[in-house]
Amino acid sequence: MMNHFMILAVLLHLRTCYTAYSQQESSVFPVTYLNISKDSDLQQLLVEWDVVKSAHDAELAMSFEIQVRRTDEAATVWTEFHNVTLDKLEKPLHWTWDSDIPLECMSHAVRIRSKAEASKIWSQWSLWETLPGLDTSNRSGPLIFPKEKVLAEGSDITLCCIGRKGQTIKEFSVYPAIDVFKHTNSQVSLLTVENLSHDKGSDIYVYCYDEDKQFHHADFFVGRPPDTPKDFSCQTRDMKRVTCTWTEGETYLYGKNSPRYTLSKTSSQKMSLCEASCSKQCSCSWDIGQQRIWNVTLTVENLLGKKTATDVFDVKHRIYPTAPLQVWEDSTDTEITLHWNYEKIGVELFWQTEVLQPDGKVELHNSSDVESRHKRVTVRGLQPYTAYTARVRCGAAKHFWRWSEWSPPLPIRTKEGTPSGKLDMWREITPVLGGQNVTLFWKKTPSFQANGKIISYEVTWEKLEDGSKPESFSFSSVYNSTRIFIDNHSYKISIMAKNNVNFSLPSVLIISGAPDNSTEELKEGLVNGTDDGILISWEPRSIYDSYIIDWCNFPRLQPCDLQWKRFGPNTSSAVISSGESQTTIISDSAAVLQAVAAFVPGVRYKFRIYGSVANKASILEKKIGYLRELPPRLDPVVRKVDLTYHSVTLSWDSYLTDESEPGFLRGYHVYVSPIQGNCNLKGSKKHLLPDDSELCKYTIENPEEKRYTVEHLMPNTKYKIVVKAFTGGGETPIVNFRYIDTPYNSNMLYFVFLLVIVPTLVAAVCHWKMKWVKECCCPVIPSPNKSKVLSFKECKIDSEKVLKINDCIPDVLAMDSNDETQKLHPVTWSPLSSTPTEEKIDVHNSSWIYPSENVARDFPPPSMPETHTCFENFAYSSPLEAESDPCQIPETLEAGKTAVMLYQPQCYLDIFHEDAASTTRETGDRKKSLRYISQTDVHCMGGRL
């Protein structure tokens, strides 16, 4: 029965849940109450609403959709879903919204709808609930929101200016000028500043005015929230009062917005122990009473944030003593004793004394505490008559925390003592009549300690040979040189420095009696300057125990400010530096001239090197040189210029090379260039001027040279030329040139005459006698077609014309034998008549030739010179070619390079007289002895045409 009732109860509960769930799915729970307000300081919109009671009773899990809009914007500016589970207490629901613009700038409206989380159905939207802005109110002028406030650096802010109703905002700006975003309607103007910074000032001034010139402004302050206090610590100086100190962080907020500091016990932070003050460092003090252990908290806050720092300490472990006051001293020549009084503070202290040396070094001396109020400490091992500075401080012997401040510095000078070390003495000897003038110089060496105030110098000299009584003289401490006269004997000279206590050890020099003439015989060697000074080197000798170099820092001064430096026996070179020493020179008139040694470029310095043994010095070498050579002051003066058409010879005066010159003369440079174009002379080097113009450069490395010839110049050309002297420091810039003009080349004119004029004359003469030259050199060869040789009666053989001998007028006939000549008289035809004329013709050493392929010629060799008879025909034109036929046999002979066409004469002998005719046999014999000579073999003007 029990089980039956239990089953019924479970079923009933399930039905109730199902009924409630079904009702939840099918029911909506609208918003019954809605109210909105604002928090002006936080610029938050506060929303409060509620739903029907049944939703609370059912403890439903509900979702709410909340929308926010502004009156001047049609769209919703914010939508958010808010989930909450209701309870039966029926408490209203709340929601806050942070506005990005001041809520006063314009009206804001909110509406809400709801649904159960298990349902998919939303309720109807509630009506818009509006929170009016100041844009709806009546005011006397424009207003800026938010009101004045502190803004965090790096944040953004939106400001608004609200005008009166019906008025338009004309200007809304920020000073100093920064990047802003503006949005303006007729009555409300918005201005947004992003990433605020203090770079342009921590104060921002905002102003606006409307069309009626009604004005409003507001100030805003940009800063940072405070940092955790740095270097926070607490300590006591007298076991009565504790002082805590810390370093203030930078917030860029000042005045009423400055950070506020509160120091309190950690256990009770509501009660402040003291009031903090901040200048360079913040501090806060309070009386400790009987409490020894403290736990304190420092709180720093401003309108942007708050930070804290904590310190826990035992007062006895935080002792920071005060500095000793009223310190005094007493001293001897090597030690000082400091005294002071100090009140007891109930803890054991120890003391530290600091002694500052003249060279800047610091010595610390520690000492323990004594019971008495009077304290003292002694410092030993000091130098006589030396200025020191001493001060004292103290600290806790147990649980040391910090040193006290130093006592005020106390200047102390120890008492005087006997001078230690020797002066460094040197001399300059000038031979005079009857002896020598010895100028003595002295200075303090690093090893010399005056140990007091030098009041005088004692100079003593005595003759070494006869042991005479020494002479001495005392000089004031303001002097460092003097002059004495000695005869030509050896002397021992010494000097001592004197203070109020005693004399120093003597410094000794031995002066030889005989004048040292070797100085004039020594040649001066050259030395070179370096970055550190002038390098001097010498040949060491084993007999000397030291070396001395002397020189003048200002060689042109009179008297010379002699300087010297000593070196050990193993040294053979040294760099003499600028600023080697500071010298005071006293002349005979007691005038004082001070000069600081400093080598100057362009000044010639002379150095003398001495070897010293047993205080006696002998000169070894002489040197001369510059720290750095400079270019010559003047250029050579060219006195003579000799010109030819291809060279120029320059002559100049000797260049002065005295001690005033800024460098050693090394030679000369000769620069040449034509006025037009670049220079490319053989044997020269190119040299560019600052204006990029080009010169030819010749170098003369012999400084004694005073003449130079520049060759390979062009005739009739203008050149610029200059001679420059150079030293190891170079030469001065080229400024002025000398201009020269090379003359015409007469040989060239003659060559041009031969090359141009003579061929021109020859060509003119040839042109004038062209016909004669042509006839002599190139005779016209007559054309066979125009010759009468073809005008003969026809004799045809196989349709070919055949020349008959009676129709042909040969140019020359020659007989090979006198007998034949006698039988055959030469006949000449006149061109004006056909009648033959008998004429005797000179023999041309030619003959008729009858060539034959089958019959060998049988010419008996003559036993004596033959005489030939020629028959010349001036109407002959040129040889004719004819093929071999019964009438004519051609044959070609070469005489030199002239081709001659030969033919066989026909058996027509009409050309001879009848009485001279012979039988046919004789005629045949004569034919064999005849030879034809062409007209081309005829000589004209002694030459062959």
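Calculation criteria
Residues numbered from 1 in each chain as written. Predicted model: local features only at pLDDT ≥ 70, side-chain atom pairs only at ≥ 80, totals over all residues. Heavy atoms only, no water. Helix = DSSP H or I, 4+ residues; strand = E, 2+ residues; numbered from the N terminus. Contact = heavy atoms within 4.5 Å. Areas by Shrake-Rupley, 256 points an atom, 1.4 Å probe, with all protein chains shown as cover. Buried < 20%, exposed > 50% of the residue type's maximum accessible area, 1.4 Å probe, protein only. Core = buried A, V, L, I, M, F, W, Y, C linked by side-chain atoms within 4.5 Å. Pairing = 2+ DSSP bridges. Axes fitted to C-alpha atoms, helices over the stretch in contact; angles between N-to-C directions. Polar contact = N/O pair within 3.5 Å; in protein donor to acceptor, adjacent residues only side chain to side chain. Salt bridge = Lys/Arg side-chain N within 4 Å of Asp/Glu carboxyl O. Disulfide = S-S within 2.5 Å. Patch = residues over 30% accessible without salt bridge, like charges linked within 9 Å, V, L, I, M, F, W, Y side chains within 5 Å. Phe/Tyr/Trp six-rings, centres within 6.5 Å; stacked < 30°, edge-to-face > 60°. Lys NZ or Arg CZ within 6 Å of the ring centre and 35° of its normal.

Helix and strand counts for the protein chain stand at seven helices and 65 strands. A separation of at least 24 residues holds for 64% of the contacts in the protein chain among residues at least 6 apart in sequence. Approximately 55200 Å² of the protein chain is accessible, and the part contributed by carbon and sulfur atoms is 52%.

What follows covers the environment of L713. Structurally, the position occupied by L713 is in the loop between strand 52 (707–710) and strand 53 (718–727). Owing to a relative accessible area of 4%, L713 belongs among the buried residues under this scheme. Distance in space between the C-alpha atoms of L713 and S673 is 9.7 Å, their sequence separation being 40 residues.

The nonpolar side chains of a soluble globular protein tend to be buried with one another. With 40 residues, the main nonpolar core has F232, V242, L263, W286, V296, L338 and W340 as its most contacted residues. In terms of residue count, the dominant contributor to this core is strand 29 (residues 387–396) (five residues). Setting aside residues up to four positions removed in sequence, F232 forms contacts with C244, T245, W246, L263, V296, L298, A309, T310 and D311.

In this section: the sheet that holds strand 47 (residues 638–643). Sheet strands pair via backbone hydrogen bonds, and the direction of the pair is either parallel or antiparallel. With antiparallel pairing, the three strands of this open sheet are ordered in space as 47-48-52. Unpaired on one side and paired on the other, strand 47 and strand 52 mark the two borders of the sheet. Shown here is a sheet whose adjacent strand axes are inclined to one another by a mean of 15°, direction ignored. Relative to strand 48 (residues 648–652), strand 47 runs antiparallel, the two being bridged by five bridges. Among the inter-strand pairings, V641 is bridged to a residue of strand 48, identified as L650.

On to the sheet that holds strand 1 (residues 31–39). With antiparallel pairing, the three strands of this open sheet are ordered in space as 1-2-5. Only two strands of the sheet have a single partner each, and these edge strands are strand 1 and strand 5 (93–98). Put simply, the sheet's adjacent strands are angled 20° from each other on average, direction ignored. Bridging between strand 1 and strand 2 (residues 44–51) involves eight bridges; their strand directions are antiparallel. Bridged to N35 within strand 2 is E48.

Attention now moves to the side chain of Q44. Examined against the element boundaries, Q44 turns out to sit in strand 2. Only 2.8 Å separates the side chain of Q44 from the side chain of D98, close enough to count as a polar contact. Ignoring any residue separated from it by four or fewer positions in sequence, one finds Q44 in contact with S37, K38, D39, W97, D98 and L103.

In this section: the pattern of salt bridges. Following the criterion strictly, the structure yields 22 salt bridges and no others. When salt bridges with common partners are traced through the structure, they connect K53, D57 and E90 into a single cluster.

Disulfide: a covalent bond connecting the sulfur atoms of a pair of cysteines. Across all of its chains, the model carries six disulfides by this definition. Residue pairing for C278: its cysteine sulfur links by disulfide to C282, the two sulfurs lying 1.9 Å apart. Residues C278 and C282 share a disulfide whose torsion about the S-S bond is about 115°; that sign makes it right-handed. The class of C278 is partly exposed, set by a relative accessible area of 36%. On the accessibility criterion, C282 (1% relative accessible area) is buried.

The subject of this paragraph is the pairing of strand 26 (residues 349–356). Within strand 26, six of the eight residues are buried, leaving the element largely enclosed by the surrounding structure. When strand 26 meets strand 29, the two strands line up antiparallel, connected through eight bridges. For L349, the partnering residue across the bridge sits in strand 29 and is A396. As defined by bridge partners, strand 26 adjoins strand 27 (residues 362–368) across seven bridges and the pair is classed as antiparallel. Among the inter-strand pairings, L356 is bridged to a residue of strand 27, identified as V362. Counted along the chain from strand 26 to the antiparallel partner strand 27, the turn is five residues long, and its residue G360 has a positive phi close to 95°.

In terms of backbone geometry, most residues other than glycine have negative phi values and most peptide bonds are trans. Cis rather than trans, the peptide bond between F145 and P146 has omega equal to -5°. With respect to the secondary-structure elements, P146 resides in the loop between strand 8 (143–145) and strand 9 (150–152). Positive phi is not limited to glycine here, since N195 has a value of about 50°. One can find N195 in the loop between strand 13 (188–193) and strand 14 (203–210). What makes N195 exposed here is its relative accessible area of 57%. Backbone geometry at Q326 places phi at a positive 55°, although glycine is not the residue there. Looking at where Q326 falls in the secondary structure, it is placed in strand 24 (residues 325–331).

Right, let's get into the side chain of T649. One can find T649 in strand 48. By relative accessible area, which is 9% here, T649 ends up buried. Within the structure, T649 has its side chain in polar contact with the side chain of T709 (distance 2.9 Å). Leaving out residues up to four positions away in the same chain, T649 has contacts with K640, V641, D642, R707, Y708 and T709.

Attention shifts here to a nonpolar patch on the surface. Side chains of L755, V756, I757 and L761 sit close together on the surface and give an oily, nonpolar patch of about 350 Å² of accessible area. Counting through the fold element by element, V756 comes out in helix 4 (residues 746–768).

This part takes up the packing of aromatic side chains. Going through the model one piece at a time under the given rule, you end up with 28 aromatic pairs. Measuring from centroid to centroid gives 6.2 Å for W442 and F475, while their planes differ by 45°, and the two rings are tilted. Placement of the pair is W442 in strand 32 (residues 435–443) and F475 in strand 34 (residues 471–476), with a sequence separation of 33 residues. Just as W442 is buried, F475 falls in that class too. Taken together, W442, Y457, F473 and F475 form an aromatic cluster joined through their ring pairs. In this arrangement the basic side chain of R69 is found over the ring face of W128, its NZ or CZ atom lying 4.2 Å from the centre.

Position of Y547 among the secondary structure elements: in strand 40 (residues 546–552). Distance in space between the C-alpha atoms of Y547 and S612 is 5.8 Å, their sequence separation being 65 residues. Here Y547 is in contact with W538, P540, R541, K565, R566, F567, G568, P569, T571, Y610, G611 and L620, once residues within four sequence places are set aside. At 2.8 Å, the side chain of Y547 forms a polar contact with the backbone nitrogen of R541.

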